[in-house]
Amino acid sequence: VQPKLNEQELYTEAVALYDQYVDAGNGKSSTISGSSDLFYKGMWMPGLLPSLDAQATGWDHDWNTQSVSTQNANVKNSYDTALGIIDCANALLVDLDYSGITTLTVLEGEARAMRDFIYMYLVENWGNVPLPGNQTCGSDIEVLDFIIADLTKAAALLNWQPRDGQYGRFTKGMALSYLGEAYLW
C-alpha cells in the first residue's frame, strides 16, 4: 500500500511537474527527456515552420524541405516529453485524490491546466493522442472534449493570481485562454 503524501510532499510533486516542462535556466536536464532545451526547439517547430531558417548550421534542413520524419530527434523528444509531462500531471492528480487533503484545490487546478496545455500542443500537432486510462488514441474531437471538460474544472479551481505570488504558475486566466482556444479548434 502506497503511503499517503502530506501537504509539503504534494507541493514538492507540483514543483517537480513544472520542472518537467522547463529546466528553469539551471542547465540541468529534464528527467523525462534528458535534454536541457526540452521544449525550446521541439515544441514550437511545427507551429513556426516558416521561420526556422534563422540558423546556418543545417540542423533545420529537413524542416525547410518538409521532409522531417517521426524519427527526427526534435519531434520524437517533444512528443515523448509531452506524454511524460501528462503522466506526471496524472500522478499528481492521483496523489492529491488519495491524500484526502481537500484544501489543495489550486494544486489540482494547476495539474489539470498543465496536462491540458500539453494535450492542446499534442492534438494541434499530432491529432489523435492517448487519453488518460486509454491504451488507444482518442479522435481529435474526443481529445478536445476532454480538454474542454478538464480546463473548465481547472478554471474553477484556479485563482486569477498565481499561487504564492509565483509568476509562471498556471492561473484561471491561462485556463480560460486555453479553454477558448480549445473551443476554436
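Source: prediction; values computed, not measured.

Thresholds applied
- Along every chain, residues carry numbers that run from 1 in the direction the sequence is written.
- Under the rules for a predicted model, residues below a pLDDT of 70 receive no local features and side-chain atom pairs below 80 are neither given nor counted, while totals for whole chains, interfaces and linings still include all residues.
- The side-chain values count all of the structure's non-hydrogen atoms but skip hydrogen atoms and water molecules.
- Per the convention used, a helix needs a DSSP run of H or I reaching at least four residues, while a strand needs a run of E reaching at least two, with both numbered from the N terminus.
- Every helix has an expected span of 1.5 Å times one less than the residues it contains.
- N or O atoms closer than or at 3.5 Å make up a polar contact, with two conditions inside protein: a donor-capable atom paired with an acceptor-capable one, and, for residues adjacent in sequence, both atoms drawn from side chains.
- Contacts were defined at the residue level, with two residues in contact if any of their heavy atoms lie within 4.5 Å.
- We define the nonpolar core as a collection of buried residues of types Ala, Val, Leu, Ile, Met, Phe, Trp, Tyr and Cys that are connected through side-chain atoms lying within 4.5 Å of one another.
- Exposure categories follow from relative accessible area, calculated using a 1.4 Å probe and restricted to protein chains: below 20% of the type maximum is buried, above 50% is exposed, and the middle band is partly exposed.
- Only Phe, Tyr and Trp rings take part, Trp by its six-membered ring, and two of them pair if their centres are within 6.5 Å. Stacked means planes under 30 degrees apart, edge-to-face means over 60, and tilted covers everything else.
- Only when the NZ atom of a Lys or the CZ atom of an Arg is both within 6 Å of the ring centre and within 35 degrees of the ring normal do we say a charge sits over the ring.
- Salt bridge, as used here: a side-chain nitrogen of Lys or Arg that lies within 4 Å of a carboxyl oxygen of Asp or Glu.

It is worth spelling out helix α3 (residues 73-99) at this point. For α3, built from 27 residues, the straight-helix expectation of 39 Å at 1.5 Å per residue is met to within 8% by its first-to-last C-alpha distance of 38 Å. One or two steps after α3, the chain reaches Gly 100, where phi turns positive at roughly 75°.

A separate point is the side chain of Arg 115. In this fold, Arg 115 is placed in helix α4 (residues 105-126). A polar atom in the side chain of Arg 115 sits 2.5 Å from the side chain of Asn 90. Polar side-chain contacts of Arg 115 include one of 2.8 Å to the side chain of Asp 150. Leave out the neighbours within four places in its chain, and Arg 115 touches Ile 86, Ala 89, Asn 90, Leu 93, Pro 132, Phe 146 and Asp 150.

Counting 39 residues, the largest nonpolar core has Ile 118 and Ile 147 as its most contacted members. Of all the secondary structure elements, the ones that give two or more residues to this core are α1 (7-21), α3, α4, α5 (140-157) and α6 (172-184). Counting residues per element, this core draws most heavily on α4, at 12 residues.

The description of an aromatic ring pair uses the distance of the two centres, along with the angle that the planes make with each other. Considering all chains together, one arrives at 5 aromatic pairs under this definition. For the pair Tyr 121 and Trp 126, a centre-to-centre distance of 5.5 Å together with 80° between the ring planes defines the contact as edge-to-face. Among the aromatic residues, those joined into a cluster by ring pairs are Tyr 79, Tyr 121 and Trp 126. The ring of Tyr 98 has Lys 4 lying over it, and the distance from NZ or CZ to the ring centre is 5.7 Å.

Attention now moves to α5. End to end, α5 covers 26 Å across 18 residues, agreeing with the expected 26 Å (1.5 Å per residue, within 8%). For α5, the set of buried residues is Val 143, Leu 144, Ile 147, Ile 148, Asp 150, Leu 151, Ala 154, Ala 155 and Leu 157. Packed against the buried residues of α5 are α4, β1 (129-130), β2 (137-138) and α6.

Residue placement: Gly 138 occurs in strand β2. The buried category is assigned to Gly 138, whose relative accessible area is 3%. Separated by 10 residues in the primary sequence, Gly 138 and Asn 128 have C-alpha atoms spaced 5.4 Å apart. The contact partners of Gly 138, leaving out residues within four places of it in the chain, are Asn 128, Val 129 and Val 143.

Here we take up the pattern of salt bridges. In this structure the tally under the stated criterion is 4 salt bridges. We note a salt bridge from Asp 150 to Arg 115, for which the minimum N-O separation is 2.8 Å. Here the residue Asp 150 occupies a position in helix α5, and Arg 115 occupies one in helix α4, the gap between them amounting to 35 residues. By relative accessible area, Asp 150 is classed as buried at 3%. You can call Arg 115 buried: its relative accessible area is 6%. Through salt bridges with shared partners, one network takes in Glu 108, Arg 112, Arg 115 and Asp 150.

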